[in-house]
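Tertiary structure, described
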Amino acid sequence: MGRNSQVISQQKQVIKAILQPLLPKNTQYALVDFPDHSNVGDSAIWVGEIDLLKEITGNHPSYISKIENFRLDILSNALPEGPILIHGGGNFGDLWRKHQDFREYLMIACKGRKVIQLPQSIKFDNPESIANCADLIKQHGDFHLLVRDKPSLDFAVKNFSCHVELSPDSAFGIGELAKPSKPEADLFMLLRNDSERAEYDRTPLFALNALGADWLDDPSFFHQRSKVIATLSALKQGRKPNRLDYYQALAQGRLMRGVKMLSRGKRVVTDRLHAHIISTLLDIPHVALDNNYGKVSGYINAWTNTYPQVKIASSAQDAIEKLDSLATF
């Protein structure tokens, strides 16, 4: 057993215990908001969700969709009754408006039908957005909200009239991962280049001359290659490929891209939550910096601070100093 085994198994057990009363064995369900974008973290969540939900219910989802191709009539035909699950992540609030608008549309369009928001972090900036979301949750009547950290839990309990629970991130449903190759360097830095990037001086980190990148770029022909992989996988099972085959090929391909990136270093420095989570699944020693609203440290403080190979840093210089305390054997 690796140094990561206990923290992974504990989180998987907790999320299963939370979902099992909501999704009894043999439940038919829908899973929506597939993350068809290049951010590896959301794909890690999706892969973990599919594994967890199959283990809990015995079934794959009866209906899946992206936001862009969601059709309420097709969902209703495929699943006349049963819960609708919304993909987890870090987009509950008004920071990533497209996802929140879709979530609120479902509350209106599927009023009274069980809707389960899989584990999320919450961030609102606008009081009017909070009030509108709270009103829609109350009117819906059967909305279940899972959150990944204590600040999100406190916020939801204070503002929303629904079932709220603190839950680990679904990516832990993946379980332990093996490194695909030996590391190329002592250190790999995976640092944000998007709107959640915290404003801190990265100069000390860049002076290390370590390997580094963000994980926001799919390789060329990625979608075409994923279609081929999905088709071959289905044909080997003697059936035609379906939407789940394709989505799984996309998500697993992106997850593996992130796994390969992080495995290039004996140690990792990152300010992405799922670079922390995947490094934990891989048992790679790492230092975690925060994003711009404390999502990374909030998760570690809630769930993974017992993993001996992660340290939280408050600055680039602090990260460098804490790297020295991490063993690489």
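Summarised in this report is the structure supplied together with it. (Residues numbered from 1 in each chain as written. Predicted model: local features only at pLDDT ≥ 70, side-chain atom pairs only at ≥ 80, totals over all residues. Heavy atoms only, no water.)

1. Re the side chain of His140
As a reminder of what qualifies: The secondary structure listing takes helices from DSSP runs of H or I that are at least 4 residues long and strands from runs of E that are at least 2 residues long, numbered from the N terminus. In this analysis, two residues are considered to be in contact whenever any of their non-hydrogen atoms come within 4.5 Å of each other.
Tracing the backbone through its elements, the reader meets His140 in helix 5 (residues 127-140). Among all residues touching His140, those that are not within four sequence positions of it are Met107, Cys110, Lys111, Gly112, Arg113 and Val115.

2. Here we look at the sheet that holds strand 9 (residues 211-213)
The test is simple: Note on pairing: DSSP must find at least two bridges between two strands before they are called paired. For helices, the fitted axis covers only the stretch in contact; all axes are lines through C-alpha atoms, and the angles between them, taken along N-to-C directions, range from 0 to 180 degrees.
The parallel open sheet is built from five strands, whose spatial order is 9-8-10-11-12. If you trace the sheet from one side to the other, it starts and ends with strand 9 and strand 12 (310-312), each paired once. The sheet shows a mean angle of 20 degrees between the axes of neighbouring strands, taken without regard to direction. Contacts from helix 9 (residues 243-262) reach strand 8 (185-190), strand 9 and strand 10 (265-270), with the element oriented near 135 degrees to strand 8.

3. Focus: the packing of aromatic side chains
The line we're drawing: Working definition: a ring pair exists when centres of Phe, Tyr or Trp rings (six-membered ring for Trp) sit within 6.5 Å. Plane angles under 30 degrees give stacked, over 60 give edge-to-face, the rest tilted. Under the scheme applied here, a residue whose accessible area is under 20% of the maximum for its type counts as buried, over 50% as exposed, and between as partly exposed, the area being computed with a 1.4 Å probe on protein chains only.
A full pass over the atoms with the stated rule returns 14 aromatic pairs. Each ring, one from Phe70 and one from Tyr105, has its centre 6.1 Å from the other, and the planes form 80 degrees; the classification is edge-to-face. Placement of the pair is Phe70 in the loop between strand 2 (63-65) and helix 3 (72-78) and Tyr105 in helix 4 (residues 97-109), with a sequence separation of 35 residues. Take Tyr105: its relative accessible area is 37%, and that puts it in the partly exposed class. Relative to Tyr299, the ring of Phe172 lies with its centre 6.3 Å away and its plane at 10 degrees, an arrangement referred to as stacked. Placement of the pair is Phe172 in the loop between strand 7 (163-166) and strand 8 and Tyr299 in helix 11 (residues 295-304), with a sequence separation of 127 residues. Here Phe172 falls in the buried class, since its relative accessible area comes to 1%. For Tyr299, a relative accessible area of 1% puts it in the buried group.

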